[in-house]
Amino acid sequence: MLLNRVIDRFLARTPMAVAIRGTLEYAFAPEPLDAIFEAIVGDRDDRQLLFSTCVDLMGTVVTRVNRSMSAAYRAAEDMPVSLSAVYQRLPRMPLAAGRELVRHTAQRLEPVSRAMNGAAADPLPGYRTKVLDGNHLAHTPRRLKILRDVAAGPLPGQSLVVLDPALGLARDVIPCADGHAQERSLLEAVIETIRTKDLVIADRNFCTTRFVFGIAARGGSFVIRRHAATLSWEKESAWESRGRTDTGAWRNRRLS
């Protein structure tokens, strides 16, 4: 290949930049992304603005290469639709597509990270550790003019994010368009993903009866600070001391 000499030159001078670009191109390859979108909404022969194109445009905004979608559109080449069509498409993007995008990139990047010895040791060998936390999307200056001076204006949205601490990758996300919805209302979707030997770590806001017993029913385990007001059970044994941590005592008991 004639370009090998050019590529070798970049590898010699800026190997990290070449590696990062190759990794991103692999993680966000357009064909798999478009296949994900078609699996969610169905195939259409007349679709001109592809899901992969939207991801590419939005990626430059998220990474601050471009300040807005308008700037990203102007910087792009051979766009098949107008800027107006892009802005009309984005609000109609299904939430499931965003979730599958996160899952897809995690699956693509996990073997890359492991091959490069980028993964840390599992926090608890024998378990798939998942750190669960909520994330409210921040206010932006580009809000509706009538609401810009209202402190209690509507939030853009929120999500629950599942992090793999060993890989440093978000493995899953449960998005919600209602930024004022209670995080606990999204926990059912998390329970559905639990498998045997999963270990969920979360703060006490997620310590509800339905959630912790839902995890246990699917063969998973959890490390969650106990919330006295939102967790109830029938006692089957006395508390058993298991030692101390830096912040308190560790005890367990059989529950039903």
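Residues numbered from 1 in each chain as written. Predicted model: local features only at pLDDT ≥ 70, side-chain atom pairs only at ≥ 80, totals over all residues. Heavy atoms only, no water.

A.B. asks: Teacher, can you tell me more about the side chain of arginine 108 here?
C.D. replies: Mapped onto the elements, arginine 108 comes out in helix 7 (residues 95–115). Buried charge without a partner: arginine 108 forms no salt bridge, and the closest opposite charge is glutamate 31, 7.3 Å away. The contact partners of arginine 108, leaving out residues within four places of it in the chain, are Tyr26, Ala27, Ala29 and Pro32. (Helix = DSSP H or I, 4+ residues; strand = E, 2+ residues; numbered from the N terminus. Buried < 20%, exposed > 50% of the residue type's maximum accessible area, 1.4 Å probe, protein only. Lys, Arg positive; Asp, Glu negative; His and termini not counted. Salt bridge = Lys/Arg side-chain N within 4 Å of Asp/Glu carboxyl O. Contact = heavy atoms within 4.5 Å.)

A.B. asks: I tried to follow the packing of helix 3 (residues 30–41) against helix 7 on my own but got confused; where do I start?
C.D. replies: Packed helix pairs are specified by the crossing angle of their axes together with the interaxial distance, meaning the distance between the axes. Contact pair helix 3 / helix 7: the axes reach a minimum separation of 10 Å and the direction vectors enclose 140°. Looking at the two axes, helix 3 sits oblique to helix 7. Once helix 3 is placed against helix 7, the crossing between them reads as right-handed. Mapping the contact onto sequence places Pro32, Leu33, Ile36, Phe37 and Ile40 in helix 3 and Ala96, Ala97, Glu100, Leu101, His104 and Arg108 in helix 7. Grouping the constituent residues of the contact of helix 3 with helix 7 by class yields 8 nonpolar, 1 polar and 2 charged. (Axes fitted to C-alpha atoms, helices over the stretch in contact; angles between N-to-C directions. Parallel < 35°, antiparallel > 145°, perpendicular 65-115°, else oblique. Left-handed = near helix turned anticlockwise from the far one by under 90°. Nonpolar A, V, L, I, M, F, W, Y, C, P; charged D, E, K, R; others polar.)

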